[in-house]
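# Coordinate inspection notes
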Amino acid sequence: MGRTNAPGRPAGAHGDASPQATHRGAVRLLRCLTVLPLLAALLSSCDSGDSGTITLNWYNFPDDSGALADAATNCTRASGGRYKIEYNKLPRGADGQRQQLARRLAAHEKALDILGLDVTWAAEFAEAEWILPWTGDNRRSATEGTLEVPLQTATWKGKLYAVPYNTNTQLLWYRSDLVPTPPKTWAEMQSMATALAKQGRPHYVEIQGAQYEGLTVWFNSLIESAGGSVLNARATAPSLGPPGVRAATIMRNLARSPAADPSLSNQMEDQNRLSMESGTAAFEINYPFVYPSMKANKPDLFKNFRWAPYPRVDPGRPAKPTIGGIDLAIGAYSRHRELAFEAALCLRNRQNQMTAALKGGLPPTLRSLYSDKSFIKSYPFSAEVLNALENASTRPQTPAYQNVSIAISHTLSPPSAIQPRSDIETIGNQIEDALESKGLIP
């Protein structure tokens, strides 16, 4: 009684133990032998589910169309019981999505297997070593048949860090009963809208003018279409110059013209869609999701709902709309890396990309789908989308992208108050600070 064991020696291990002590030790051993298998099964079920199948957690944007849930089900079935994909919905807003993933990855959370990244996050997450590079056969499978510009969004310092799941690009949508021939330039569109306004007819140009990422995308599309860029080729300094002033001037001129919706400074993509469906607009710069929406919600207007290429800045220079989309990355702390790579490739395969395009309006990243007859029949603007994607621009690729975007959207808001030369100078100074990690925004 009261005797302590020698270090590392369990009770009952002494040679002079009593029969009672020996019996008690045997009982303890039996209990341990009984509990250990139960504990192992419990730990296994936390990771693999009751059936023993490994669960791969896929975190992505919340999808109301059901396409993402279908993809998870399809790939779970195709795995033959080797894994199950659990589709976990991130917050609706891109900022909330990024913050949730960043915080959990910074904590080295192992439950993040497959990550749906906005096309602007690859550089930041790669620099933080939160995601794994795609190499060897995985890289070859990811790049084979994939459009080049979407692949650029998933590449950082020459390494591929994600596989494009889908992409997105804006088109010009218009009403053919108001505009028999669509405009080719921003100046022409503004002139048409002004003429319709004088006639007392629907005339607004719906565009994203609120102080958020959409405003940055508008500016980026214009500066790229004008032959410039936000950053230099090495992403080490701003490169705005005259094309930046030209882009800012187009934004201001539209915002001060009769073409501007009175709600321009508060409008995002969905408000643009609703305004077009209300019958007050003649033009809309937006993504393909507006097509099935108009078809379902306003069949009378849908009869005259048409599409055309993104407007040019200069007649002789092609437009370079900024692409969006989601890239699938593999979490650096995943316990099932190889299976996660395999599952990510399945999630973005031909069948699942077709479903995402037809159900959710999200353009595919696989070139072969754009010549598929069944796809073209249900996606009649596929040729215009493909042409836009082949001439598209990406948003500035830098780990400091969030800061760069905020510098642009805050300075250029509201669009009607833009002072082109001074605002471009301000944006350049703020971008320099962002690239030097001054005044970083989490």
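What comes next is a walk through the structure.

What counts, and where the lines are drawn
In this convention, every chain numbers its residues from 1, walking through the sequence in written order. Only residues with pLDDT of at least 70 get local features here, since the model is predicted, and only at 80 or more are side-chain atom pairs given and counted; chain-wide, interface and lining totals rely on the full set of residues. Only hydrogens and water are set aside; all other atoms, that is, all heavy atoms of the structure, feed into the side-chain values. In this description a helix means any DSSP run of H or I spanning at least four residues, a strand means any run of E spanning at least two, and both kinds are numbered starting from the N terminus. Accessibility here uses a 1.4 Å probe with only protein chains present; expressed as a share of the type maximum, an area under 20% marks a residue as buried, one over 50% as exposed, and anything in between as partly exposed. Only heavy atoms matter for contacts: two residues are in contact if any of them lie within 4.5 Å across the pair. Per-residue and other accessible areas follow the Shrake-Rupley method at a 1.4 Å probe size, with only the shown protein chains counted as cover for residues. Note on pairing: DSSP must find at least two bridges between two strands before they are called paired. A fitted line through C-alpha atoms serves as each axis, taken over the contacting stretch for helices, and the angle formed by two N-to-C directions is quoted from 0 to 180°. The rule for a disulfide is simple: a pair of cysteine sulfur atoms within 2.5 Å. Points on a 1 Å grid over protein atoms alone make up a cavity when a 1.4 Å probe fits among them but cannot get out, and a pocket when they form an open set with protein on both sides within 12 Å along at least five of seven lines; lining residues each have an atom within 4 Å of a point. Grid points are joined across faces, edges and corners, and a volume is the space filled by probe spheres set on the points. Each residue gets one label: Ala, Val, Leu, Ile, Met, Phe, Trp, Tyr, Cys and Pro are nonpolar, Asp, Glu, Lys and Arg are charged, and the others, such as Gly, are polar. Buried Ala, Val, Leu, Ile, Met, Phe, Trp, Tyr and Cys residues form a nonpolar core when they are joined through side-chain atoms within 4.5 Å. For Phe, Tyr and Trp, where Trp contributes only its six-membered ring, two rings pair if their centres lie within 6.5 Å, and the inter-plane angle classes them as stacked under 30 degrees, edge-to-face over 60, or tilted in between. Helices are assigned an expected span. That span is 1.5 Å times one less than the residue count. For salt bridges, the criterion is a side-chain nitrogen of Lys or Arg within 4 Å of an Asp or Glu carboxyl oxygen.

### Looking at the overall build of the chain
Broken down by element type, the chain carries 18 helices and 11 strands. The proportion of buried residues among the 442 residues of the chain is 52%. Intrachain contacts of the chain at a sequence separation of at least 6 include 73% that bridge at least 24 residues. Carbon and sulfur atoms provide 52% of the accessible area of the chain, an area that totals close to 20200 Å².

### Regarding the sheet that holds strand β10 (residues 305-308)
Backbone-to-backbone hydrogen bonds join strands into a sheet, with any given pair of strands oriented parallel or antiparallel. Pairing is mixed in the open sheet, where four strands are placed in the order β8-β9-β7-β10. Each having just a single partner strand, β8 (204-206) and β10 make up the two edges of the open sheet. When strand polarity is set aside, the average angle formed by the axes of neighbouring strands in this sheet is 20°. With three bridges joining them, β8 and strand β9 (residues 281-286) adopt parallel strand pairing. Within the sheet, the bridge partner assigned to E206 lies in β9 and is E284.

### A few points about the state of the cysteines
In the structure shown here, the tally under the stated rule is one disulfide. Residue pairing for C75: its cysteine sulfur links by disulfide to C346, the two sulfurs lying 2.1 Å apart. A torsion of -100° about the S-S bond marks the disulfide between C75 and C346 as left-handed. Of this pair, C75 sits in helix α2 (residues 67-78) while C346 sits in helix α13 (residues 337-347), placing them 271 residues apart in sequence.

### A look at empty space enclosed by the protein
On inspection of all chains with the given rule, the structure shows one cavity of 30 Å³ or more. When its volume is computed, the largest cavity comes out at roughly 70 Å³. If you go around the largest cavity, the residues you meet are V119, T120, W121, A122, A123, T153, T155, R395, P396, Q397, T398 and Y401. Residues of the lining of the largest cavity, tallied by class, amount to six nonpolar, five polar and one charged.

### Looking at the pairing of strand β3 (residues 114-118)
The two faces of a sheet get side chains in turn, since along a regular strand they alternate between them. Most of β3 sits inside the fold, with five of its five residues counted as buried. Burial of the side chains of β3 extends over both faces: I114, G116 and D118 are buried on one face and L115 and L117 on the other. When strand β1 (residues 54-60) meets β3, the two strands line up parallel, connected through two bridges. Opposite W58, over in β3, you have I114 as the bridge partner. In this structure, β3 lies alongside strand β11 (residues 324-330), joined through five bridges in antiparallel fashion. Looking at β11, one finds that G116 is bridged to L328.

### Examining the nonpolar core
Core analysis: the largest hydrophobic core is formed by 52 residues, its most contacted members being W58, L101, I114, W134 and L328. Counting residues per element, this core draws most heavily on α13, at eight residues. Beyond its immediate sequence surroundings of up to four residues, I114 is in contact with N57, W58, Y59, L328, A329, I330, A340, A343, A344 and L347. Core analysis: the next-biggest nonpolar cluster, separate from the first, contains 44 residues, W186, L196, A248 and I418 among them.

### A few points about the side chain of N74
Relative to the assigned elements, N74 resides in helix α2. A relative accessible area of 19% means that N74 is categorised as buried. Leave out the neighbours within four places in its chain, and N74 touches Q351 and N352.

### Some words on the packing of aromatic side chains
One pass over the structure, following the stated rule, counts 18 aromatic pairs. Ring geometry for Y291 versus F381: centroids 5.0 Å apart, planes at 70°, classification edge-to-face. In this pair, Y291 is assigned in helix α11 (residues 290-297) and F381 in the loop between α15 (373-378) and α16 (382-390), connecting sequence segments 90 residues apart. Exposure class is identical for Y291 and F381. Each is buried.

### Here's the deal with the layout of surface pockets
Volume-wise, the largest pocket comes out at about 1500 Å³. With six residues, helix α17 (residues 401-411) is the single largest residue contributor to the lining of the largest pocket. Taken together, the residues that form the lining of the largest pocket break down as 16 nonpolar, 16 polar and 12 charged.

### Description of helix α7 (residues 186-198)
Structurally, the α-helix is built with 3.6 residues per turn, so residues lying three or four positions apart point the same way. The end-to-end C-alpha distance of α7 is 19 Å, a good match for the 18 Å that 13 residues give at a rise of 1.5 Å each. On its buried face, α7 is in contact with β7 (171-175), β8, α8 (213-225), α9 (241-255) and β9. Where α7 terminates, the next one or two residues include G200, which has phi positive at roughly 70°.

### Notes on the pattern of salt bridges
The full count for this structure, using the stated rule, is 16 salt bridges. Where D70 meets K359, a salt bridge forms, and the shortest distance between an N and an O atom there is 2.6 Å. Of this pair, D70 sits in helix α2 while K359 sits in helix α14 (residues 350-360), and the two are 289 residues apart along the sequence. Classification of D70 as partly exposed rests on a relative accessible area of 28%. Residue class for K359 comes out partly exposed when judged on its relative accessible area of 44%. Two residues, R395 and E213, come together in a salt bridge whose shortest N-O distance is 2.7 Å. One end of the pair, R395, is in the loop between α16 and α17; the other, E213, is in helix α8, with 182 residues separating them in the sequence. Of the residues examined, E213 reaches a relative accessible area of 25% and is grouped as partly exposed. It is possible to trace a salt-bridge network through shared partners that takes in R246, D314 and R317.

Just distances and angles here, no functional claims.
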